[in-house]
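# Working through the structure, step by step
Residues per chain, in single letters:
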Amino acid sequence: MSNNDVRLQSLVSQVDDATARFLMNELKLVKLASNKDKSLATVAAETTEIESSTSGIVRAVEDLLVISRRLKEAWVLGQRKPNEAVNSDDLERSRQTTQDIISQLSSINEWL
Amino acid sequence: MSVPVSVEPTNAAKARDVPLDQLIARITQERGSFADLDERQLEKDEEVEPTEDESKSATDAGNDEPTFYEKRAQLSGAVGAALNEAALNLDLVSLLVSGTRLEAGVSTMSPALRAQIAPGSLNAAAVQTPVPGLPNSAGYGWKIMAYDQASVYLEAASKRLRGEVELEQQFWTDMLTTVKSGEVVNRNLQIRYGFRDAGSVYHDKGDGRFVRQHEGHAKLVPNTERLSRRVAVSVFANNTGSTSAIESEDEEEFRLVGRACVEHSDILGPDVLQSVSFERYKLFEEELMHNLIQETRNTLAAKQVRITDTGKLVCTIFGGKIEIEMEDINTTNSMANMSNLNTRDPKNPAFSVCYALHFLQLEAYERRLHQWQSEPKPLNSAEKRASQEMPPLLGPVLARIQCASLLSRTLKLLEIMKLEVVSTENISESNSEYLCGPIRNRIILNCDPQISITLGSTIDSGVAEFKAEKKGVSTAAINDLVELEAWLRWASS
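Let us look at the structure shown here. As the structure is a prediction and not an experimental result, all values here were calculated from the model.

A few words now on the overall build of chain A. Helix and strand content of chain A: three helices and zero strands. The order of α-helices and β-strands along chain A, N terminus first, is α-α-α. In chain A, the share of contacts with a sequence separation of at least 24, taken over all contacts with a separation of at least 6, comes to 68%. As presented, chain A carries roughly 7,400 Å² of accessible surface, and 55% of it is formed by carbon and sulfur atoms.

Right, dumping it as structure tokens:
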């Protein structure tokens, strides 16, 4: 398995994991809404669970954001612009410019 | 002190109580392995035992107190019972625990219990204790409050994350533009903007990294902070006609005739590209000055170039001087304005010097890059690989100025001497690898026999300035115009 395949698999499993956590916490929030046949102590404990499920949802979304950043890193960075072939005319022109500039050096004596 | 136990059962009644396997185990525990038993020790035990038996029989007859052995048996029985009870209780607790936390319960359960009873099969009914003073409907209020808080929290988080996404988008747009423009950015957001890969061996490779600013834009943070300075070249003319820098230390004797620097040209694109380009520009200028100072120290110090205490290079030329220094980018403009000199005007005498130095540095990069790309010569080859030293930059520039000055003065001399010049030609060795090789000029005079004068610069060739030829026979080196004049008078007579 190539390096890229390993990275791809790891990213996919991370996406799956974060999505599963997101859905599970949402389901839990809905389930906790019912108060039927529950004692006050249970209800009190469930209010805390609601809080934790909410943070779980936010956490899962943050994880997804981090994964999206990694994907961008993999797409944008590490790739290199293909080397443009150096135009020999450009090279010749730049050499010519250098020679022109150098030949102008003698004119400095006119100022002294 | 341990009590020695005899190997053979001393008291038949007591010995019978203890099964043989336990007895052996006990003896092994107290006396060690059977292999360690020796004859002498057994004899010693036999000597001791009769007296023990006698004393025991005496005490048995005297009172009903239990013997040591009985007490020990009782103690061991009590410990065994306690252990059994504790194990039983642990099993019960484990079985109860396994109903709610399966793993924790099973791990402490005894194997026998685990084999016979399924974990979690023992349940205890929850004890309902009504909360005093609170109706059951209070639970609905708690739930509603909890959901309200959750909604507020989720809303705040969504706003925060939405903002974060926008910032990320901005950042990655910048990064994409940077990468598309040809910059090399690796996965840790590190960039190399310097010239190390293009032929430079300057100690600063020009590395940096990108960070995200508060408003989301990418920002380049160079690994080494450097001042915003650039190389500025000033050309001064000498008012008094003195040619030596030592003779004319007084600054007032010089008049500024030109000042030039290569300005950073803005490029199209986001700020981050501008900053990368600007950092590269600063690095180039810094390296150029460093190379010029190195060259002066190595080769030019004896050739009328000196380094002042402030790090300025002062090159004395005929009729003036050239100063090369690092200047703050913002102040240079004002100085140029003060002296009413346009730094971009090609007629400005400093312009050609400044640009020539920059172009020669580029040329030097190109040469070194070709060296790196070429295959190394065999180790036993006489032709060594070209050294990593920087090719000369300032030397060829000064040599050309000196040579041009010499040529014009020689032509003037010939004019005064009324000697007709047939042709003046540049006979510099054309070196295709390097644009700025040693320079030579030849003047051919209209005489019979033909006289030719070759002019060179002492800076780049290290030879005498003049060499004259008559009838194909060269003279010895001629050092100055006075000597040349004398020789010409002799030759043309």
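Now that the structure has been shown, the text picks up again.
Let's shift gears to the sheet that holds strand β10 (residues 440-445) of chain B. Residue and element names in this part refer to chain B. Taken together, five strands build an open sheet; the order of strands is β9-β10-β11-β12-β13 and the sheet is antiparallel. Of all strands in the sheet, those with a lone pairing partner are β9 (421-426) and β13 (473-474), marking the two edges. Inspection of the sheet shows strand β12 (residues 466-470) paired to β13 by two bridges, in the antiparallel sense. Each bridged residue has a counterpart across the sheet, and for Lys470 the counterpart in β13 is Val473.

Below, the discussion takes up the environment of B:Leu113. Residue and element names in this part refer to chain B. As for its placement among the helices and strands, Leu113 is situated in helix α6 (residues 111-116). In this structure Leu113 comes out as buried when scored by relative accessible area, which is 16%. Between the alpha carbons of Leu113 and Asp91 there is a distance of 7.3 Å; along the sequence they are 22 residues apart.

Taken together, the contact pairs 45 residues of chain A with 67 residues of chain B. Counting each side, the surface lost to burial between chain A and chain B is near 4,700 Å², with a carbon and sulfur contribution of 71%. Considering only the side of chain A, the residues that lose the most area to chain B are A:Leu40, A:Leu105 and A:Trp111, jointly responsible for 15% of the buried surface there. The shortest N-O distance in the salt bridge between A:Arg69 and B:Glu168 comes to 2.6 Å. At the surface where chain A touches chain B, the tally comes to eight residue pairs in polar contact (both at pLDDT 80 or more). Among the elements that make up the side of chain A that touches chain B, the one with the highest residue count is helix α2 (residues 40-76) of chain A (18 residues). When its residues are assigned to classes, the side of chain A that touches chain B shows 20 nonpolar, 14 polar and 11 charged.

In this section: the packing of aromatic side chains. All names here are of chain B. Inspection of every chain in the model, using the stated rule, returns nine aromatic pairs over all chains. Their ring planes at 75 degrees and their centres at 6.5 Å tell us that Phe236 and Phe254 sit as a pair that is edge-to-face. Here the residue Phe236 occupies a position in strand β4 (residues 229-238), and Phe254 occupies one in strand β5 (residues 254-261), the gap between them amounting to 18 residues. A residue is classified by how much of its surface remains accessible, and Phe236, at 13% relative accessible area, is buried. An aromatic cluster of at least three residues, connected via ring pairs, comprises Phe195, Phe284 and Tyr365. Cation over ring: Lys321 sits above Phe236, and NZ or CZ is 5.1 Å from the ring centre.

Residue and element names in this part refer to chain B. Within the open sheet, the five strands sit side by side as β5-β4-β8-β7-β6. Their pairing is antiparallel. The outermost strands of the open sheet, each flanked by one partner alone, are β5 and β6 (305-307). Adjacent strand axes in the sheet meet at a mean angle of 20 degrees when their direction is disregarded. Sheet analysis places strand β7 (residues 313-317) next to strand β8 (residues 320-328), joined by five bridges and oriented antiparallel. Its bridge partner lying in β8, Leu313 is registered against Ile324. Where helix α8 (residues 271-300) meets the sheet, its contacts fall on β4, β6, β7 and β8, and the angle it forms with β4 comes to roughly 50 degrees. Its contacts with the sheet place helix α10 (residues 349-373) against β4, β5 and β8, and it is angled at close to 45 degrees to β5.

To continue, consider helix α3 (residues 88-104) of chain A. Residues spaced three or four apart along an α-helix face the same direction, because each turn holds 3.6 residues. Its 17 residues give α3(A) an end-to-end C-alpha distance of 24 Å, which sits within 8% of 24 Å, the value for a rise of 1.5 Å per residue. The complete set of buried residues in α3(A) reads A:Arg95, A:Thr98, A:Ile101 and A:Ile102. Projection of α3(A) onto a plane perpendicular to its axis shows the buried side chains occupying an angular sector of 120 degrees, all on one side. For α3(A), the secondary structure elements touched by its buried residues are α10 and α11 (394-416) of chain B.

Okay, unusual backbone geometry next. Within the chain, A:Asp37 stands out as a residue other than glycine whose phi angle is a positive 55 degrees. With respect to the secondary-structure elements, A:Asp37 resides in the loop between α1 (3-31) and α2. Accessibility expressed as a relative area gives 78% for A:Asp37, which makes it exposed. The backbone phi angle of B:Lys418 is positive, close to 55 degrees, even though this residue is not glycine. As for its position among the elements, B:Lys418 is in the loop between α11 and β9. Take B:Lys418: its relative accessible area is 73%, and that puts it in the exposed class.

Reading the values: the criteria
- Residues numbered from 1 in each chain as written.
- Chains lettered and ligands numbered in written order.
- Predicted model: local features only at pLDDT ≥ 70, side-chain atom pairs only at ≥ 80, totals over all residues.
- Heavy atoms only, no water.
- Helix = DSSP H or I, 4+ residues; strand = E, 2+ residues; numbered from the N terminus.
- Contact = heavy atoms within 4.5 Å.
- Areas by Shrake-Rupley, 256 points an atom, 1.4 Å probe, with all protein chains shown as cover.
- Pairing = 2+ DSSP bridges.
- Buried < 20%, exposed > 50% of the residue type's maximum accessible area, 1.4 Å probe, protein only.
- Buried area = accessible area lost by both parts, 1.4 Å probe.
- Salt bridge = Lys/Arg side-chain N within 4 Å of Asp/Glu carboxyl O.
- Polar contact = N/O pair within 3.5 Å; in protein donor to acceptor, adjacent residues only side chain to side chain.
- Nonpolar A, V, L, I, M, F, W, Y, C, P; charged D, E, K, R; others polar.
- Phe/Tyr/Trp six-rings, centres within 6.5 Å; stacked < 30°, edge-to-face > 60°.
- Lys NZ or Arg CZ within 6 Å of the ring centre and 35° of its normal.
- Axes fitted to C-alpha atoms, helices over the stretch in contact; angles between N-to-C directions.
- Expected span 1.5 Å × (residues − 1).
- Arc of directions from axis to C-beta.

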